[in-house]
Amino acid sequence: MPPVPTAHLVLPGDGVPPLHAAGGKARNLALLCDAGADVPPFIVIAADAFAQLVTPLLGDGDARGRVLAMELPAGFRAEVTAALDDAGLRDGLLAVRSSAVDEDGAEASFAGQFETVLGVRAAGDGDDLWDAIRRVWASAFSEHAAAYRARQGSGAPRMAVVVQAMVDARAAGVAFSADPVSGARDTTVVSAVYGLGEGLVSGELDADTYRVALDGDVPGAVRAEIAAKPRALRLRPDGGSAWVDVPPGDADRPVLTEDEARRIAAAARRLETHFGAPQDVEWALAAPAPPSPPSPAERERGGAGPAQGTSAGEERRLFILQTRPITTLPPSPESSSTPHSSFGGGASLSERWGRDGDGGDAHDGELRIWDNSNIVESYSGVTTPLTFSFARGVYEQVYLQFCRLLGVSERLLDERRHVFANMLGLVGGRVYYNLLNWYRVLALLPGYTVNREFMERMMGVREKLSDPPPVPQVAGRWEDRGRTVRMAWRLFAAHRGLRREVPTFHARVDAALAPLAGVDLRAKSADELAAIYRDLEEKLLRHWRAPLVNDFFAMIFFGVLVRLVEKWLPGAPPTLANDLLCGEGGMISTEPAKRVLALADRAAADPTLARLFAEEPDDARVWRQLGDEPALAPFRAEVQAYLDRFGDRCANELKLETVTLSDDPAYLLGLIRGYARGGATRDTGHEAAVRAGAEATVRDTLTGVRRRVFFRVLRGARRRIRDRENLRFERTRVFGAVRRIFLGIGARLAEAGRLDHPRDVLYLRVDEVFAHLDGTGVSTDLRGLAALRKAEFAAYERAPAPPDRFETRGPPAEYVASLAPPIAPSGELKGMGCSPGVVRAPVRIVRDPTRAGELAGHILVAERTDPGWTLLFPAVKGVLVQRGSLLSHSAIVAREMAIPCIVSIPGLMETLRDGEVVEMDGAAGTLLRLDPEPG
C-alpha cells in the first residue's frame, strides 16, 4: 500500500500528480518514473505548502527577505522528515529543486530562473534542509523570475519543491533529442561535463558535444567535439558541492565513450517517443553500483523496477534527472538537396566541404553559410553593384593588413588570397558575410581554437558555428605556440602604440582629403578622377592599421568589462556596464545632433528665420532663399559649415548610392524646422548623473586590487569605444570622397553616351568602371549592362529578403528564387536593453529617415540604424531597433543622449503597427504592446 498522503506532501506512491499540486518539474519526474526511466528517489513538498506558509507573508517590500527569515512550523518539518525516512533519503545527500506550477511547460520552461541547492544533508536537526527549502521558495520572488513571469503573462507564483537523492555523478549533462539549433530531427545532441551537470547548466563550464545520428530508429554514427574541461563540480562528502581541478591528462579527453553517448541518445529518443515531442533531458552517469531498492510506486505495481539504465558489469549507471519539451526548436530543415535556412544536422562540415575544406559534393556544390549579423548596420537592404564591389575590395585589403599585423606569412596569405577576396557575398541584392571564409581567415592565425569565440563576438554573429572549418596545417604544436606568443606581443605593442597612431591616422585622413575640399569633382575628367581614387586608395585604404587595432581592443575591453560586472558585481543593475560608458564626451557621433539643435535654437530666436520656416513649407525653397537674401547669409553660412563637416554623415552613409545631406540639404532643413518648434530632447546633464551613479555603485562594492583592475579596464573601454566612433567618422569621410569620385565618373560616361544617367554608374562594378577607362574592359555596352542590372535590382527590392542566416549549396541565386514571404512572429517582443528608462508612447515606424514624418512624442522604430539616424534622436522619447548590439551606433548615442533604447529585437518590424502604443523598458530590454490594433 502507498504511504498515506499528508497535508504538505505529494509522494511518488500517489501516482502522477496534477500540475497545480506538484508543479511542472515534480510532475515530470513522476511521468519519467511512469515511462520506465531510472530516476533517483524523491519526495515533493506540495504547492499547497507554499500557499499556506509563504503566500501570507507577501505584501509590499522585500518578500524574498521575509521568506528567507521565516520559521517553518514543527508539524511541517515532522511531515517532511517522516517522508524522507520512508523513502530512505534521510542519511544521504539531497538536491532541493524548485517545481513551480508554470515551470518546465511546453510554452515556457523558466529554465535557470529559480534556485537549486545541491549536496544538502537532512540528518540531525535538518537545518541545512530547511534553509535550502526557504531559498528555493524565496527564488520565486527574484527580479529575474518576476521579469520572466511578466513576459510570459503568468500570474502570482505558486511553487512546489522536489527533494531528491543526489547522484554522485562521474559525468553529467543534457541531451536534446533533436538538434536545438538546426531543428534536425535525425540528430540527437549530447553535452557532457565531468562531475555534476549544474556546472554546464549555469554556463560555468565548456562541455564536450556529441552529435549522434539516427540510423533508422537506432543511434548510429557519433561526431564528437571535445572541449577543454579544467574544472568540475563535485559533491563534498560533508555536504554541498565544490569546484575541483581536473587532472591535466583528463581535461582534454572525452567525457563519454561513443557507446555511452549512444545510450544517452537512445534514452532521449525513447522519452521523445513516449511524450510525443522533442525533449531536453538532464542526465547523470554514476559509478557502477548495485540496483537500488524498488521505489514505492514500483512496489505498488508489484515489480522490481525497469531494467533500462541499471548497471551491467562495469557499465556506468545512467540516471535521468529531468526532462522537458524543447520550447525553442526551429522547424526541421529540408533535405540537403535543397537550400535551407539554418545550419545543422547530417554530416560534419569537413565532410560536407570535401577533403580540403574548400570544396563540396560534386553534385550538391560548395557549402556556404551566409550571415548578415552586424554588417546589416552598414549595408542595409538592397545594395548596388558599385557599393558591393567597393566594400568587398576594402574588406579584402583591411583583413590582409590585419593578418600581416599579427605575423601571418606572405606565403600563407598568397595561398588563401581567394578567401580574402570572398569574405562578403551579395545574395538577393543584400550584403552578407560569407561566414566560412571568416573562419578560414581566422584559422591562419596562431591560437585558432582559443580565439574563434572572440572573432564571433567581434562580428556579432548570433549563432556560433558548432562545427568550424578544419585548421590548415600551418606548423607543429610547439611552433604554433611560438607564433601565438609572437602574436600576443605584436598585439601588446600595437595597443601601446594607439595613443600615437590614432591622432596620426586622423591627420593622415585630413591631409589626403584636404586637396578635395571645395573642389567640384564633377568638373574633372574621368582619368583625373581615376587618378584621385588611386591616390586615396594608396594613402588611406592600404593603411588602415589604427582603426583595425582600435576596433580589436574596443571589443576586448568591452567584453572584459561586461564579464567583470557579471562576476564581481552580481547584484548590480543590468545596465551598469552601459551606464559606466555614457557621458564620455569627445565622441563625434553625438556632435551632429547637438549642432542641429543649436541651429534650431538660432532659427527660433531670429524673427526673420522663424517667419521663413513658418511660412515656407518647401525646404528646397527655404535653402534657395537663404542664399538669395543677404540678411539670411550668416545662417546660410552656419548651415553650410555643418554640411562641410557632416554632409556625408547620413543614413546608409557607407552606400555609394546614398543621396547625402551635401547633395540635398532639404532633409537637414526639415530637421531644423521641426526642432525649432520645440520637438527635441535636451537633457544635457542626465548622462553625467547616470555615469556618476554607476561609478559610485562600483566604488561602494569593490575595494583594493579588484577596484583598481575594474577602473583600469573601464578606462580602456571608454577610450577605445570613443576612438572607435571617431575613427568610423573618418571612414565616412573617405567613403564620401569615393562617392563623389564615382558620381563624377558617371557624369563623364553619361556625357559620352555610355550611360543614360550619371547615377547609372552605381550599377557597374568598380573593376568594370576602371577597365573601361583603361581599355581592358570586355564589353563596351555599359548602358545595356546598367539597364539589365537596374531591372534585376528593382526585382530584388520587391522580392522577400533572405533570412539573417542561411546556407546554400551551389549558386545562391537558386536559394533566392525559392524564398517565400516572411511570417511575422507572434508572442513577446524582447531585445537587448542598452539605455535605461521606461517610456509609454505611440511608435513611429521609420524605414527611410528622410521620410520619418512627425517624431515628437513618439518612440522611433527601425530595422537598423547607422550614425546618420542619430539626427532623429533628439525628437523621440525612445528608440527600438530590430538589429544591432551594445556597441551599435544607436546604442552608444542613445546612452550619450539619455534616450531609452533597445536593440536586437527579433521580428520588430513585422510585428508592430505604426501608431500603436507600447511600453518599453530600456534597462530590461522588454517591450509591451498596449494597443496592438490602432485606429
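Preceding this section is the structure that the text describes.
Since the structure is predicted, the reported quantities are computational estimates derived from the model, not experimental observations.

## Let's talk about the pattern of salt bridges
Reasoning step 1: Applying the stated criterion across every chain yields a total of 48 salt bridges.
Reasoning step 2: A salt bridge links D131 to R134, with the nearest nitrogen and oxygen atoms 2.6 Å apart. Taken as a pair, D131 and R134 lie in helix α5 (residues 127-138) at a separation of three residues, close to a single helical turn.
Reasoning step 3: A residue is classified by how much of its surface remains accessible, and D131, at 36% relative accessible area, is partly exposed.

## Brief notes about the nonpolar core
Reasoning step 1: If you look at the biggest cluster of nonpolar residues, it comprises 97 residues, and the most contacted ones within it are F390, L569, F710 and F742.
Reasoning step 2: Among the elements that line this core, the one with the most residues is helix α28 (residues 704-751), at 15 residues.
Reasoning step 3: The next biggest cluster of nonpolar side chains, apart from the first, holds 50 residues, and it includes L612, L661, W869 and V876.

## Some points on helix α25 (residues 633-646)
Reasoning step 1: Over its 14 residues, α25 runs 20 Å from end to end, which matches the ideal 20 Å to within 8%, given 1.5 Å per residue.
Reasoning step 2: Along α25, the residues that are buried comprise F635, V639, Y642, L643 and F646. Here the buried residues of α25 occupy an arc of 100 degrees about the axis, which is enough to place them on one side.
Reasoning step 3: Buried residues along α25 sit against α22 (591-605), α23 (607-615), α24 (619-628), α26 (666-676) and α28.

## Some details on the packing of aromatic side chains
Reasoning step 1: This model, assessed by the stated rule, comprises 25 aromatic pairs.
Reasoning step 2: Each ring, one from Y395 and one from Y399, has its centre 6.0 Å from the other, and the planes form 25 degrees; the classification is stacked. One end of the pair, Y395, and the other, Y399, are both in helix α12 (residues 385-405), four residues apart, so they sit about a helical turn from each other.
Reasoning step 3: Its relative accessible area of 16% is what places Y395 among the buried residues.
Reasoning step 4: Three or more aromatic residues link up through ring pairs in this structure, and these residues are Y395, Y399, F402, Y433, W438, F552 and F553.
Reasoning step 5: Taking the ring centre of W243 as reference, the NZ or CZ of R231 above it sits at 4.2 Å.
Reasoning step 6: Across the ring face of F770, the terminal group of R534 is positioned such that the distance to the ring centre comes to 4.7 Å.

## Overview of the pairing of strand β25 (residues 917-921)
Reasoning step 1: In β25, alternate side chains face the same way, and those of V918 and M920 are buried while those of V917, E919 and D921 on the opposite face are not.
Reasoning step 2: One ladder, built from four bridges, connects β25 with strand β26 (residues 926-929); its direction is antiparallel. If you follow D921 over to β26, its bridge partner there is T926.

## A word on the packing of helix α18 (residues 498-513) against α28
Reasoning step 1: The N-to-C vectors of α18 and α28 enclose an angle of 20 degrees; their axes lie 11 Å apart at closest approach. The pairing of α18 with α28 is recorded here as roughly parallel in orientation. For α18 against α28, the interelement crossing comes out left-handed. Touching L498, R499, V502, F505, H506, V509, D510 and L513 of α18 are R719, R720, D723, N726, L727, E730, R733, V734 and A737, all from α28.
Reasoning step 2: In terms of residue class, the contact of α18 with α28 is made up of eight nonpolar, two polar and seven charged.

## As for the environment of P385
Reasoning step 1: By the element assignment, P385 lies in helix α12.
Reasoning step 2: Sequence spacing of P385 and Y763 is 378 residues, and the spatial spacing of their C-alpha atoms is 5.2 Å.
Reasoning step 3: If sequence neighbours within four positions are ignored, P385 has contacts with L762, Y763, L764, R765, R789 and F793.

## Things to note about α5
Reasoning step 1: Here α5 spans 16 Å end to end across twelve residues, near enough to the 16 Å set by a 1.5 Å rise per residue.
Reasoning step 2: Taken as a whole, α5 has its buried residues at L129, W130, A132, I133, R134, V136, W137 and A138.

## What about the sheet that holds strand β24 (residues 901-903)?
Reasoning step 1: The eight strands are arranged β19-β26-β25-β21-β22-β23-β24-β20 in an open sheet whose pairing can be described as mixed. Two strands close off the open sheet at either side, each with one partner strand: β19 (829-830) and β20 (832-835).
Reasoning step 2: Note that strand β23 (residues 878-881) and β24 share two bridges and pair parallel. Bridge pairing in β24 places V879 opposite C901.

## Description of the sheet that holds strand β12 (residues 279-286)
Reasoning step 1: Across the sheet, six strands lie side by side as β9-β8-β7-β6-β12-β13; this open sheet has antiparallel pairing. The two strands at the open ends of the sheet, each matched to only one other strand, are β9 (218-225) and β13 (317-325). Strand after strand, the sheet turns through a mean of 25 degrees between neighbouring axes, direction not considered.
Reasoning step 2: Summarising the sheet, strand β8 (residues 208-215) and β9 pair through six bridges and their orientation is antiparallel. Directly across from D215, in β9, lies its bridge partner V218.

Calculation notes
Residues numbered from 1 in each chain as written. Predicted model: local features only at pLDDT ≥ 70, side-chain atom pairs only at ≥ 80, totals over all residues. Heavy atoms only, no water. Salt bridge = Lys/Arg side-chain N within 4 Å of Asp/Glu carboxyl O. Helix = DSSP H or I, 4+ residues; strand = E, 2+ residues; numbered from the N terminus. Buried < 20%, exposed > 50% of the residue type's maximum accessible area, 1.4 Å probe, protein only. Core = buried A, V, L, I, M, F, W, Y, C linked by side-chain atoms within 4.5 Å. Expected span 1.5 Å × (residues − 1). Arc of directions from axis to C-beta. Contact = heavy atoms within 4.5 Å. Phe/Tyr/Trp six-rings, centres within 6.5 Å; stacked < 30°, edge-to-face > 60°. Lys NZ or Arg CZ within 6 Å of the ring centre and 35° of its normal. Pairing = 2+ DSSP bridges. Axes fitted to C-alpha atoms, helices over the stretch in contact; angles between N-to-C directions. Parallel < 35°, antiparallel > 145°, perpendicular 65-115°, else oblique. Left-handed = near helix turned anticlockwise from the far one by under 90°. Nonpolar A, V, L, I, M, F, W, Y, C, P; charged D, E, K, R; others polar.

The values reported here are purely geometric and, on their own, carry no functional implication.
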